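Coordinate analysis (summary)
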Amino acid sequence: MKHKEMREYTSRAIMDAFWLLYRENPIEKITVKAICEKAGCNRSTFYEYYTDSYSVLETIEEELLDYARHKLTEELPASLAKSFPEIRLDAETLAPLSAMYSEKGEYFSVLTGEKGDPSFQYKYKRAVKELLTEMLDDPAKKFDLSAGIIAEFTASAMIGALNYWYPHREEYPAEKYSLLLVNLLTSGVLPAIRKL
């Protein structure tokens, strides 16, 4: 294994070990010793990559935010563009969104949930709000209070819906969840309630 690959492998092993602990424990209770034991490395190796457990969490969060931005700003719009002239809201078109929830749903759910990191929830919400405001035709509207309220409402609703859905993902697959989420975003809540 090359040096770069080995460094990436070790860094990932430390992050995976941290994540196994973080899913069950508050970060204040996660020690470097416990992370090293789970990762199968020593403390000096850990400190080559991270300063403490908080820096591991920060790395995981930044990776997750980059991943979400990529899915929501590149893959999803590209998939929707393929369905022109009619925009199809079907499982194939929404595959990037479904993949995001299938692949990383646990991370989003834990980090934005009640035992998660409030700063991540804020960062994730801010990223979603930025994406929504970038969709506005008129750049001046980005600073409009109504646009800000709509973006805040939408981002909060998306995070809340994710946290409600994730424990039920076996009975309500990501494809179905993605379709429902997009239908709520495009058609509104009241029409969805009336269809129940």
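Refer to the structure above for everything that follows.
A few points on the structure.

Definitions and cut-offs
Every chain begins its residue count from 1, and numbering advances along the sequence as written. Reporting of local features is limited, given that this is a predicted model, to residues whose pLDDT is at least 70; pairs of side-chain atoms are given and counted only at 80 or more, and all residues count toward the totals for whole chains, interfaces and linings. Hydrogen atoms and water are omitted, and side-chain values are computed over all heavy atoms in the structure. Runs of E in the DSSP output that reach at least two residues are strands. Runs of H or I that reach at least four are helices, and both are numbered from the N terminus. Only protein chains enter the area calculation, which uses a 1.4 Å probe; residues under 20% of their type maximum are buried, those over 50% are exposed, and those in between are partly exposed. The criterion for an aromatic pair is that two Phe, Tyr or Trp rings (for Trp, the six-membered ring) have centres within 6.5 Å, with stacked assigned to planes under 30 degrees apart, edge-to-face to planes over 60 apart and tilted to the rest. Criterion for a charge above a ring: Arg CZ or Lys NZ at most 6 Å from the ring centre, at most 35 degrees from the ring normal.

What follows is about the environment of L20. Looking at the secondary structure, you find L20 in helix 1 (residues 3–22). Relative accessible area serves as the criterion here: at 40%, L20 is assigned to the partly exposed category. Sequence spacing of L20 and K38 is 18 residues, and the spatial spacing of their C-alpha atoms is 8.5 Å.

Moving on, we get to the packing of aromatic side chains. Aromatic ring pairs are described here by two measures, namely the spacing of the ring centres and the angle between the planes. Under the counting rule described, the total for this entry stands at 12 aromatic pairs. Here F18 and Y22 contribute two aromatic rings whose centre-to-centre distance is 5.4 Å and whose plane-to-plane angle is 20°, an arrangement assigned as stacked. Here F18 and its partner Y22 are both found in helix 1, 4 residues apart, which amounts to about one turn of the helix. Neither residue differs from the other here; F18 and Y22 are each classed as buried. Relative to Y166, the ring of W165 lies with its centre 5.9 Å away and its plane at 75°, an arrangement referred to as edge-to-face. Here the two residues W165 and Y166 agree in accessibility, since each one is buried. Taken together, the ring pairs connect F18, W19, Y22 and Y107 into an aromatic cluster. Positioned above the aromatic ring of Y67 is the side chain of K104, whose terminal nitrogen or guanidinium carbon lies 5.4 Å from the ring centre. Its guanidinium or amino end placed over the ring of Y166, R169 lies 3.8 Å from that ring's centre, counting from NZ or CZ.

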